[in-house]
Structures are given as structure tokens and as C-alpha cells.
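A closer look at the structure
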Amino acid sequence: MRKLLKILVDKRIIILSLLGVSLYIAISQFHISLWYVLLAGVLLGVVFGKVFCRWVCPMGLIMEMLMSLSPDGKIRQMYQYHKLGCPIAWISGWLNRYSLFKIKLNTDSCKNCGICDKKCYIVAMEPQKFSLYKPSQIRPGDSYTCSKCLQCVAACPNGSLTYKI
Ligand code: SF4
Ligand code: SF4
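Residues numbered from 1 in each chain as written. Chains lettered and ligands numbered in written order. Predicted model: local features only at pLDDT ≥ 70, side-chain atom pairs only at ≥ 80, totals over all residues. Heavy atoms only, no water.

Each aromatic ring pair is specified by the distance between its two centres and by the angle formed by the two planes. Summed over all chains, the structure comprises three aromatic pairs. Ring centres 5.0 Å apart and planes at 40 degrees place the aromatic pair Phe-48 and Phe-101 in the tilted group. With Phe-48 in helix H3 (residues 34-48) and Phe-101 in the loop between helix H7 (87-95) and strand S1 (102-105), this residue pair connects regions lying 53 residues apart in the sequence. With a relative accessible area of 30%, Phe-48 lands in the partly exposed category. Taking relative accessible area as the criterion, Phe-101 reaches 21% and is therefore assigned partly exposed. A ring pair is formed by Phe-101 and Tyr-163, whose centres lie 5.4 Å apart and whose planes are at 50 degrees; its orientation type is tilted. (Phe/Tyr/Trp six-rings, centres within 6.5 Å; stacked < 30°, edge-to-face > 60°. Helix = DSSP H or I, 4+ residues; strand = E, 2+ residues; numbered from the N terminus. Buried < 20%, exposed > 50% of the residue type's maximum accessible area, 1.4 Å probe, protein only.)

Written out as C-alpha cells, the structure reads:
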């Protein structure tokens, strides 16, 4: 299961490109109501948290392409823009706290190596506030901003971070 998750995380941009372009074509060709897209994003949010933005959304794909061109200081602004601009991001971000699938830490096996934190853009933005493993800090996976890139889970060398029900 861990292997599969690593493959998916490695190929996330390809998956996002395929799903994002397919969704865009479906919306424009078959005139799918955006209410259905919103409903789908929310249902995904109930099960997986805020996965829509980074795994499915055509706009998310464009944002990522822009972010890859941007120097570090702009990344935060981009994300703020993204979450301000989209009701799927608002609702599924809020659902991060209540979704069935969650990022969990096994404190017994964690070696405090910090690799996970280095992969997380939320920790990079606010390192004093968030951490995936430091007990005194807030877990970014439950925060509104976590878009379930799952880089943290894939990078943990001993499986102390998991993403499951
Ligand atoms: S999935 Fe992990 S690395 Fe990605 S934003 Fe959420 S907490 Fe950070
Ligand atoms: S990468 Fe894994 S072992 Fe290292 S601090 Fe994070 S959870 Fe702990």
C-alpha cells in the first residue's frame, strides 16, 4: 500500500493533468453544471479531505504551473488566492478535520528525523506553528490549507506517517 501511495504521489502532476484536462473537456463539451462539480468536490472532501485542488481541478493544474514559475515568496499568495477563489477549496479544506481518510502519526515509530516537515509547504510557510511530528505544534494535515499532496507520507522513511481511515 505504501508503495502504491509513493507511486501516486510521484505521478501526481500526471494524474492532475489527466483528470484536470478531462474534467475541463467534460464541463465544456457536455455543459456539466458546476453545481455537480461542487458536489463531487465536497463528496471527495468527505472521504479524502481537500484532494480536489491538487489531484483533480483544472484550475489547480494552472495554479501549479504558475507556481512552478514563481519564486518562493509568491507561493503563499498563490495559495491564498486559490482558497479565496473557490468554494470547493473552502468546503473541502474545512472537511480536512472531519474526512474519513486522515494523515496519522505513529509516535512510537517516529524517529524525529524531520524529513516530513521539509516536504510540507504549510510547515515551510509557518514553521513555528505547524509540524507533522513535533508534539507541541499543530498538525498541518488537519488544517484548512492541506491539499493532500501526501509528500509528507511518501517521504517518511519508516512508515510512521500514514494516510488511511
Ligand atoms: S499532505 Fe502533508 S505535505 Fe502535503 S500539505 Fe498536507 S501535511 Fe503538508
Ligand atoms: S519523516 Fe517519519 S520518522 Fe521522520 S519525523 Fe516525520 S514522521 Fe517521524
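With that out of the way, let us pick up the site of ligand 2. Taken together, 14 residues surround ligand 2, and among them Cys-110, Cys-113, Gly-114, Cys-116 and Cys-156 come closest. Grouping the amino acids of the shell around ligand 2 by side-chain chemistry returns nine nonpolar, four polar and one charged. (Near = heavy atom within 4 Å. Nonpolar A, V, L, I, M, F, W, Y, C, P; charged D, E, K, R; others polar.)

This brings us to the nonpolar core. By size, the foremost hydrophobic cluster in this structure holds 33 residues, and its most contacted members are Ile-103, Val-153 and Leu-161. Those residues in contact with Leu-161, other than ones at most four positions away along the chain, are Ile-103, Lys-104, Leu-105, Cys-116, Leu-132, Cys-152, Val-153 and Cys-156. (Core = buried A, V, L, I, M, F, W, Y, C linked by side-chain atoms within 4.5 Å. Contact = heavy atoms within 4.5 Å.)

This paragraph deals with the side chain of Ser-160. When you line up the elements, Ser-160 lands in the loop between helix H10 (151-155) and strand S2 (161-164). Separated by 2.8 Å, the side chains of Ser-160 and Ser-109 make a polar contact. Not counting residues up to four positions away in its chain, the partners in contact with Ser-160 are Lys-104, Leu-105, Asn-106, Ser-109 and Cys-110. (Polar contact = N/O pair within 3.5 Å; in protein donor to acceptor, adjacent residues only side chain to side chain.)

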